[in-house]
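Below, each chain spelled out in residue letters.
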Amino acid sequence: MPTGVSAFDAASWNGIAIDSTCGGYGTCKKCKIQITNGDVPPAKLDSRAFTQKEIADGWRLACLVRTTSDISLKVPPLTTRPKAATVGVGRQVILRPAVQKRYVELSEPSLHDQRTDVVRVLDAIDDIEATFTLSAIRALPTILRASHFKVTAVFIDQELIGIEAGDTSSFRYGIAYDLGTTTVVATLLDLNSGTPLSVKSMLNKQQPFGADVITRISATMLDPTALGRLRGLAQDTLAELTREVCEEADINPLHVYEVALAGNATMVQLLLGVDPEPLGVAPFIMASAQFPDVAATELGLQLHPQAKAIILPSLGAYVGGDIIAGALASGMDRDKRLRLFIDVGTNCEIILGDGTKILATAAPAGPAFEAASIKCGVRAASGAIETVKIVEGELVIGTIEDSVAIGICGSGLVDACAVLVQMGLLDHSGRFVSDDIAATISPTLASRLCEREGERVFVLVWNGEIGNLTDCIFLTQRDVRELQFAKAAIATGWALLLEEFDVEERDIQQVLLAGSFGSYLSPSSAIKIGLVPKISVMRIVSAGNVAGEGAKMVLLSAQERHGATALLDEIDYVELSDRADFNDKFVERLSFPK
């Protein structure tokens, strides 16, 4: 690699993904590599990320490795398929897609019938007042005569976009995308029946630029080439998922005529190549709340040559098209119950509504729920601790796929803190109790409270010998604080919306936990730590991937497409940074509920 360039950047330029949530700035301590040949002295931050034995074995943070001579290194495989919600709560819709097909058998031209090819086709279709594209006209003469004037006309709304030989009316497909900052989900739909044929998800390939939108926006501000690279990575992600869903369902991509995409404002602008810098600095201005339908090729997709892409509109810089899609799918403008919608993530979007009045806001929760800032935190992949329970006084953990524990993901972090608060091993201020108090509360669990490198920790898993703190998975006092900051930001957000609405927590009739994290979060644990209002657990629903559901709805129904746009006028946005009482209310919500 060139002299002075970090191993992290060199790997990225060569297409080798190294795990990172800070974008290579040395703060997340996730970009771990092992030097197998060459002398690379450890940096100061390496001693905080690794044990002395690991440093001796050559482990370093890739973003800190810079050398003037050749070295060899190993890069741990990056989990590109994290556990993700691929379906969610949705409404039934009337199946009326914009994509229409009409099979016609036409009379051939003669000296007595010299109608143009376009007129001949349109005269045979009496239920669509069609316009036509130049590309369709180009193909028309050849295809009509090669197919003996038996063809299928393809329309999007009233526009004739293509002519296909023979009867292809049974082949009519669309793809819905949820373009998340962390995870991207694609769903292939049969537009004739409304049936999902294939669903795939993967890690957003922009991940090396950072785990959150602010880090990625910063990258475009520091490097003029970053916008193009980020756009290319988003397109590569969508293209790979597109190939996978089409292959699994054995569908010809040329029969995919329309796609819909839901994403936050930053993800959408990066995908479309629009400078995102104004989104990252006050007063946080979008280039546009709505984008016109664009050619699918603008998203890097190889489908029908005239395939269109629908971009769901955004309410604000931090309440994007994914939340509009979620509000559409969950019927926030229709249900008369007082409902609270929370999409838990690095940037948490919150909606409160009763079908008539709807308020929305965004809360800066930070990366704790993605486990990015957690010492033993890992993505939601095989081996990640996702559940923590106390059964008859004993600690019981559950891992994804029941694999050997490798770390703790967001839902496991919430569970762990919830049970420790319930047991009394964490006091309500979020501090681990003393050894004496712990021994009185639970002699069995007290032995898991230890001192490691001057910091109080609770051991979740002893991978090696019990008592060996160099090989275990643990929760630190700092991890608890990270969770407290994240949940306090979210709780302050919904508390201020309740205040604006002039209602109490007990008035809420349903809480919808949206997104991949919300799908796997224990409602009882969320209540115990104060993440959601203190109401009956039966009123809390895991809504799943409602952003993806909303994207599907606008493909299946042209009417729902108008409904998504109408939500921009029906939802009032509340800016938390404008509230003089935000900081005071945030501090009030830091403690765990009693």
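The model shown is predicted, which means the values in this text are computed figures rather than measured ones.

> Hey, could you run me through the pairing of strand 1 (residues 32-37) in this one?
On any regular strand, side chains alternate: one points to one face of the sheet, the next to the other face. Sheet topology places strand 1 next to strand 2 (residues 59-61); 3 bridges connect them, and they run antiparallel. Paired with Ile33 across the strands is Arg60, a residue of strand 2. In this sheet, strand 3 (residues 72-74) lies alongside strand 1 in antiparallel orientation, the contact comprising 3 bridges. Along strand 3, the bridge assignment pairs Gln34 with Lys74.

> Would you explain the side chain of Thr152 in this entry?
Its location among the elements puts Thr152 in strand 6 (residues 150-156). At a separation of 2.6 Å, a polar atom in the side chain of Thr152 contacts the main-chain carbonyl oxygen of Gly166. Non-local contacts of Thr152, meaning those with residues more than four positions away in its chain, are made with Lys101, Arg102, Tyr103, Gly162, Ile163, Glu164, Gly166, Asp167, Thr168 and Ser169.

> Help me understand the packing of helix 7 (residues 226-249) against helix 8 (residues 265-272), please; the structure alone is not making it clear to me.
Relative placement of two packed helices is described by the angle separating their axes and the distance separating the axes. With their axes 7 Å apart at the nearest point, helix 7 and helix 8 run at an angle of 100° to one another. As summarised for this structure, helix 7 and helix 8 are arranged roughly perpendicular, according to the angle between their axes. The segment helix 7 lies against helix 8, with Leu227, Leu230, Arg231, Ala234, Gln235 and Leu238 engaging Leu270, Leu271 and Leu272. Its residues placed into classes, the contact of helix 7 with helix 8 shows 7 nonpolar, 1 polar and 1 charged.

> Mind showing me how you'd approach the pairing of strand 7 (residues 159-165) here?
Counting buried positions over the 7 residues of strand 7 gives 5, a clear majority of the element. With 2 bridges connecting them, strand 5 (residues 131-132) and strand 7 associate as parallel partners. Of the residues in strand 7, the one forming a bridge with Thr131 is Glu159. Looking at chain direction, strand 6 and strand 7 are connected through 6 bridges and run antiparallel. Each bridged residue has a counterpart across the sheet, and for Ile156 the counterpart in strand 7 is Glu159. Where strand 6 hands over to strand 7, the hairpin turn is made up of 2 residues, of which Asp157 adopts a positive phi near 60°.

> For this particular structure, what's the right way to read the pattern of salt bridges?
Opposite charge on two side chains permits them to pair, given that their charged atoms come into close proximity. All told, the structure shown has 24 salt bridges when counted by the stated rule. For Asp113, the salt bridge goes to Arg120, with nearest N and O atoms at 2.8 Å. Judged by its relative accessible area of 18%, Asp113 is buried. For Glu240, the salt bridge is made with Lys205, and the minimal N-O distance between the two is 2.6 Å. Here the residue Glu240 occupies a position in helix 7, and Lys205 occupies one in the loop between strand 10 (195-203) and helix 6 (213-222), the gap between them amounting to 35 residues. By sharing partners, the salt bridges in this structure join Glu499, Glu500, Arg579, Asp581 and Lys585 into a single network.

> How do you make sense of the environment of Val388 when you look at a structure like this?
Mapped onto the fold, Val388 is located in strand 17 (residues 384-391). Residue Val388 is classed as buried on the basis of its relative accessible area, which comes to 2%. Spatially, the C-alpha atoms of Val388 and Thr399 are 9.1 Å apart, while their sequence positions differ by 11 residues.

Criteria and thresholds
Residues numbered from 1 in each chain as written. Predicted model: local features only at pLDDT ≥ 70, side-chain atom pairs only at ≥ 80, totals over all residues. Heavy atoms only, no water. Pairing = 2+ DSSP bridges. Helix = DSSP H or I, 4+ residues; strand = E, 2+ residues; numbered from the N terminus. Polar contact = N/O pair within 3.5 Å; in protein donor to acceptor, adjacent residues only side chain to side chain. Contact = heavy atoms within 4.5 Å. Axes fitted to C-alpha atoms, helices over the stretch in contact; angles between N-to-C directions. Parallel < 35°, antiparallel > 145°, perpendicular 65-115°, else oblique. Nonpolar A, V, L, I, M, F, W, Y, C, P; charged D, E, K, R; others polar. Buried < 20%, exposed > 50% of the residue type's maximum accessible area, 1.4 Å probe, protein only. Salt bridge = Lys/Arg side-chain N within 4 Å of Asp/Glu carboxyl O.

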